[in-house]
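# Residue-level structural notes
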Amino acid sequence: MNPVQLNAEELEAVQEWSESSQTLAREIIGRYPDKRSAVMPLLYVSMLENGYVTADGMSAVAVLTGLTGAQVQAVASFYSMYKREELGKYLVSVCTSISCFLLGADDVLAAVEDETGVPDGETGTDGTFTVEHVECNGACGGAPVVLVNYEMVEGVTPDKARDLVQWLRDGGPDVVNTEEMQKLFGGKKSFDWGVNETEGAVLPVPAFGPYGSSKKVTRWSS
Ligand code: FES
């Protein structure tokens, strides 16, 4: 499907967006027979722009999809991966669902909280870390699972979780990549992923599919 052309109202709604985000939005809308179906990926595009879903971002998505602002807000507030406030440079998510819980996820979460100095559900004052616990990530065989900006690390012990936090703090990588973190801090994996993931994440936006967040120049890049 070809990228759609935006009309004057739509162009005005996204005038603050970068050219690459506008192009991405046009491509995404072109994939769907009904543009309202593009609401979820477009919310990610708005997150690429601002790091989280802003009121202006939701308004822009409403114009692009023809949905009401309330409908867009309902989607953005229902799904936990749409962040509604500014996050730290690294969103550290610890799975605490049953498989990870049984293999020590609470201790992993406690180690992350202690090492970052950031309680679960909060962002540190220096803007480096946001810590959260999350539900099952579908990698139960590799429990306990930790994600950094949604890049997964499996088989993480409390000590390795501390090492991971120190590595992030001291090295301050602009891009995090699951392959690298798994080698450095992971343990048993749920299964062989089969492909090398070359993309990495710079924001809590999926670094795959149309988003490819490591390709994007962001506020974190020096
Ligand atoms: S319970 Fe943690 S990945 Fe499934």
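Overview of the structure.

Reading the values: rules and limits
Residues numbered from 1 in each chain as written. Predicted model: local features only at pLDDT ≥ 70, side-chain atom pairs only at ≥ 80, totals over all residues. Helix = DSSP H or I, 4+ residues; strand = E, 2+ residues; numbered from the N terminus. Rg over C-alpha atoms; globule rule 2.2 N^0.38 Å. Contact = placed C-beta atoms within 7 Å. Buried ≥ 20, exposed ≤ 12 C-beta atoms within 10 Å, placed from the backbone. Pairing = 2+ DSSP bridges. Axes fitted to C-alpha atoms, helices over the stretch in contact; angles between N-to-C directions. Parallel < 35°, antiparallel > 145°, perpendicular 65-115°, else oblique. Left-handed = near helix turned anticlockwise from the far one by under 90°. Nonpolar A, V, L, I, M, F, W, Y, C, P; charged D, E, K, R; others polar.

### So, the overall build of the protein
Per the secondary structure count, the protein includes nine helices and five strands. Counted from the first residue to the last, the protein has its helices and strands arranged as α-α-α-α-α-β-α-α-β-β-β-β-α-α. Taking 222 residues into account, the globule formula puts the C-alpha radius of gyration at 17 Å, and the protein, at 18 Å, falls close to it. In terms of its C-alpha atoms, the protein occupies a principal-axis envelope of roughly 55 × 40 × 35 Å. In the protein, of all internal contacts separated by at least 6 residues, the share reaching a separation of at least 24 is 61%.

### Some remarks on the environment of Leu-43
Positionally, Leu-43 belongs in helix H3 (residues 39-50). Take Leu-43: there are 22 C-beta atoms within 10 Å of it, and that puts it in the buried class. For the pair formed by Leu-43 and Gln-15, sequence separation is 28 residues and the distance between their alpha carbons is 16 Å. Apart from residues no more than four positions distant in its own chain, Leu-43 is found in contact with Val-53, Val-61, Val-75, Ala-76 and Tyr-82.

### Observations regarding the sheet that holds strand S4 (residues 145-148)
Here we have five strands laid out as an open sheet, ordered S2-S3-S1-S4-S5, and mixed in their pairing. The two strands at the open ends of the sheet, each matched to only one other strand, are strand S2 (122-123) and strand S5 (151-154). The sheet contact formed by strand S1 (residues 90-95) and strand S3 (residues 129-134) spans six bridges and is parallel. Considered in S3, the bridge of Val-92 is made with Val-131.

### Digging into the packing of helix H4 (residues 55-65) against helix H5 (residues 69-78)
For the pair H4 and H5, interaxial distance at closest approach is 9 Å and the crossing angle is 120°. Compared by their axis directions, H4 and H5 come out oblique. When you trace H4 past H5, the crossing you get is right-handed. Residues Met-58, Ser-59, Val-61 and Ala-62 of H4 pack against Gly-69, Val-72, Gln-73 and Ala-76 of H5. Considering only residue class, the contact of H4 with H5 consists of five nonpolar, three polar and no charged.

### Some details on the packing of helix H7 (residues 105-116) against helix H8 (residues 158-171)
Contact geometry of H7 with H8 gives a least axis separation of 8 Å together with a crossing angle of 30°. One finds that H7 runs roughly parallel with respect to H8. Note on packing geometry: the crossing formed by H7 with H8 is right-handed. Side by side, H7 and H8 meet where Asp-107, Val-108, Ala-111, Val-112, Glu-115 and Thr-116 of the first sit next to Pro-158, Ala-161, Arg-162, Val-165 and Gln-166 of the second.

### As for the environment of Val-165
With respect to the secondary-structure elements, Val-165 resides in helix H8. Looking at Val-165, the number of C-beta atoms within 10 Å reads 26, which means it is buried. Along the backbone, Val-165 and Ala-76 are 89 residues apart, and their C-alpha atoms lie at a distance of 29 Å. The residues touching Val-165, leaving out its near neighbours within four places in the chain, are Val-112, Glu-115 and Thr-116.

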